[in-house]
Amino acid sequence: MYLISLGAGILAGILYGFLNVRSPAPPAIALVGLLGMLIGEQVVPVAKRLIDGAPLSAAWFAEECQPKITGLASKEKAAPGDEPAQHG
């Protein structure tokens, strides 16, 4: 069931990537599908980069794809005040 959800999510993410729309948050049972959607959305920029002949690097992936998958802004793009509050 989870693999089907992940596969469907990746396909939906690819479609959402082509349509340039954000992913909706599904119910708790479909969180694996949401992960697939978020990963699938990143197939489009990777494919475009490969078609353009640009190299894929860990730094590029961390800057462009990882923040969209994790929901956390990269440290370079984070504005002052965007840091999470630390309680101590």
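Criteria and cut-off values
Residues numbered from 1 in each chain as written. Predicted model: local features only at pLDDT ≥ 70, side-chain atom pairs only at ≥ 80, totals over all residues. Heavy atoms only, no water. pLDDT = per-residue confidence, 0-100. Helix = DSSP H or I, 4+ residues; strand = E, 2+ residues; numbered from the N terminus. Buried < 20%, exposed > 50% of the residue type's maximum accessible area, 1.4 Å probe, protein only. Contact = heavy atoms within 4.5 Å. Expected span 1.5 Å × (residues − 1). Arc of directions from axis to C-beta.

### Notes on the confidence of the model for the protein
With 72% of its residues at a pLDDT of 70 or more, the protein shows a mean pLDDT of 76. Looking across the protein, the model is least confident in helix α2 (residues 31-41), with a mean pLDDT of 79, and most confident in helix α3 (residues 43-51), with 89.

### Remarks on α2
Where α2 is concerned, the buried positions are Gly33, Leu34, Gly36, Met37, Leu38, Gly40 and Glu41. Next to the buried residues of α2 lie α1 (2-19), α3 and α5 (66-70).

### Focus on α1
Under the 1.5 Å per step criterion, the end-to-end length of α1 is 25 Å for 18 residues, consistent within 8% with the ideal 26 Å. Every buried residue of α1 is listed here: Ser5, Gly9 and Gly13. Projected down its long axis, α1 carries its buried residues within an arc of 75°, all on one side. Turned more than 90 degrees off the buried face of α1, the exposed positions are Leu3, Ile4, Leu11 and Phe18. Among the residues trailing α1, Asn20 stands out with phi positive, at a value near 60°.

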